[in-house]
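A look at the structure
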Amino acid sequence: MADTGQTAGRSTVEWTGEVLELDVDTVAHGGHCVARHTGRVVFVRHALPGERVRARVTEDRGGSFCRADAVEVLRAAPGRVSPACPLSGPDGCGGCDWQHASAGTQRELKAQVVAEQLRRLAGLDWQVRVEPLPLDGPDELLGWRSRVRLGVDERGRVGLRKSRGHELIPITDCPISSPGMLAEVVDRQWTPGAEVVVTKDGAGEVHAAEVCGDNRGRTRQREVLGDPVAVEHVAGRRWSVRAHGFWQVHPSAAARLAEVVADWANARTGGRVWDLYAGAGLFTAVLADQVGPGGSVLAVESAPSAAADCRHNLAELPQVRVRTGRVERVVTGQRGSPEVVVLDPPRSGAGKAVVDAIASRKPSTVVYVACDPAALARDVARFGLRGYRLAGLRAFDAFPMTHHVECVALLTR
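It should be emphasised that the depicted structure is a prediction, and the values quoted were computed from it without experimental measurement.

1. Observations concerning helix 3 (residues 253–265)
- The end-to-end C-alpha distance of helix 3, which contains 13 residues, comes to 18 Å, matching closely the 18 Å that a straight helix rising 1.5 Å per residue would cover.
- Of all the positions in helix 3, only Ala-253, Ala-254, Leu-257, Ala-258, Val-260, Val-261, Trp-264 and Ala-265 are classed as buried. Within helix 3, the buried residues cover an arc of 165 degrees as seen down the axis, which keeps them to one side.

Shown next as structure tokens:
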């Protein structure tokens, strides 16, 4: 028998740098596809399901899998297109995962990933459709990103990092960024080793700040362009938020998510509602309109700056209470039970402690906004153990060209 380089489930050879001829199978969560070679799984970037490619192994730490980049396509899938950005592709910028896929193909791949995560982690078979978001401009995949974080190389030039690495690629523009937002940034000299955060707000103003660290692990942020406060217009309100704090990156995402949350929360007049991981208060405002002055909305946010934005923007609403702190700690100490809970946790998800704290109060409706399908599926499974079922799911292509997808789930008792 030929030596496959496998011993007790671990590779006895090191493939980094090798070029393998592979038949690409399914899409996987994280912006790559799955192939197999001599008993090992190969996670391949820059490929599509159904293709035959030559792929160079970029990372092999032993074990049952390694990582590779497709460097030559021998048999192309129907959804393959030429990348819009010259820096995408093998050994290029790691910011985009699907530059080589058409818009429809990207959304279908993301739908497959969401469905697979729900099946594998929550035991649910669910038909998923990823919906596009409207965008001004000739191409729905480009010019959408309103917030960018850049690195600075040793020559003071801004750049984007390669996939799964720290090496910077200097840029003069980024096709998925909002038109014009990087024009003044790329022409400046920055502090080597710093990071530059750039935001283009709803009023069209560009804000840029340099973030530097010291040898004690502390950071300082220096505003360079624009005002520290950004302006957004969503849900019939004018929002003043910290320019580089949390806000939806796609210009249409905040409004669309607010619509879905309002529809599914459907809080009654005079009702009691919780908005967890409230950020600057977008969903809090929607819920406050539903319950009216006679109801109550508890907004919980762990970041003091975001909680301050929430208080400032919703100061005229007596039904809103804003609490700063870890969600599981704040809600555990609350008296009374909400009828509706909305939560928009970070990429890692809510987790067992938060799910248990919510479920113990027995709200009739939970609306869960998620930017990671694996975290969503894990928490849906946890809610299932506490007597909740998935009653609705919508998915949105809020991050075109990348593997990220925004979902909203409706859970009912």
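2. Quick word on the packing of aromatic side chains
- Under the defined criterion, the tally for this structure stands at four aromatic pairs.
- Between the aromatic rings of Phe-43 and Phe-65, the centroid separation amounts to 5.5 Å while the plane-to-plane angle is 65 degrees, which identifies the pairing as edge-to-face. With a gap of 22 residues between them, Phe-43 in strand 6 (residues 40–45) and Phe-65 in strand 8 (residues 65–75) connect regions that are remote in the sequence.
- By relative accessible area, Phe-65 is classed as partly exposed at 35%.
- Taking 5.7 Å as the distance between ring centres and 75 degrees as the angle between the ring planes, the aromatic pair formed by Phe-383 and Tyr-388 counts as edge-to-face.
- Residue class for Phe-383 comes out buried when judged on its relative accessible area of 0%.
- Sitting above the plane of the Trp-15 ring, Arg-40 keeps its charged end 4.6 Å from the centroid.
- For the cation-ring pair, Arg-237 lies above Trp-239, with the distance from its terminal atom to the ring centre recorded as 5.9 Å.

3. With respect to unusual backbone geometry
- In this structure, Thr-38 is a non-glycine residue whose phi angle is positive, near 45 degrees.
- Here Thr-38 lies in the loop between strand 5 (32–37) and strand 6.
- A positive phi angle is found at Asp-91, which is not glycine, with a value near 65 degrees.
- Within the secondary structure, Asp-91 is located in the loop between strand 8 and helix 1 (103–122).
- The exposure class of Asp-91 is exposed, given its relative accessible area of 57%.

4. Re the sheet that holds strand 23 (residues 389–396)
- Spatial strand order, 9-23-24-22-21-18-19-20: eight strands in an open sheet with mixed pairing. Edge positions in the sheet fall to strand 9 (130–131) and strand 20 (320–324), since each has one partner strand and no second.
- Alignment of strand 21 (residues 340–343) against strand 22 (residues 365–370), held across four bridges, turns out to be parallel. Residue pairing for strand 22: Val-342 is matched across the bridge by Val-367.

5. Details of the pattern of salt bridges
- Scanning all chains against the criterion turns up 30 salt bridges.
- When the shortest N-O distance is used, the salt bridge between Glu-131 and Arg-394 registers 2.8 Å. With Glu-131 in strand 9 and Arg-394 in strand 23, the pair connects residues that are 263 residues apart, well separated along the chain.
- Classification of Glu-131 as buried rests on a relative accessible area of 11%.
- Note that Arg-242 is salt-bridged to Asp-309, the shortest N-O span being 2.5 Å. Placement of Arg-242 in strand 17 (residues 237–242) and of Asp-309 in helix 5 (residues 304–313) is noted, with a sequence separation of 67 residues between them.
- Classification of Arg-242 as partly exposed rests on a relative accessible area of 37%.
- Taking relative accessible area as the criterion, Asp-309 reaches 8% and is therefore assigned buried.
- A single salt-bridge network, built from bridges that share partners, covers Glu-21, Asp-23, Arg-52, Arg-54, Glu-72 and Arg-75.

Reading guide: rules and limits
- Residues numbered from 1 in each chain as written.
- Predicted model: local features only at pLDDT ≥ 70, side-chain atom pairs only at ≥ 80, totals over all residues.
- Heavy atoms only, no water.
- Helix = DSSP H or I, 4+ residues; strand = E, 2+ residues; numbered from the N terminus.
- Expected span 1.5 Å × (residues − 1).
- Buried < 20%, exposed > 50% of the residue type's maximum accessible area, 1.4 Å probe, protein only.
- Arc of directions from axis to C-beta.
- Phe/Tyr/Trp six-rings, centres within 6.5 Å; stacked < 30°, edge-to-face > 60°.
- Lys NZ or Arg CZ within 6 Å of the ring centre and 35° of its normal.
- Pairing = 2+ DSSP bridges.
- Salt bridge = Lys/Arg side-chain N within 4 Å of Asp/Glu carboxyl O.

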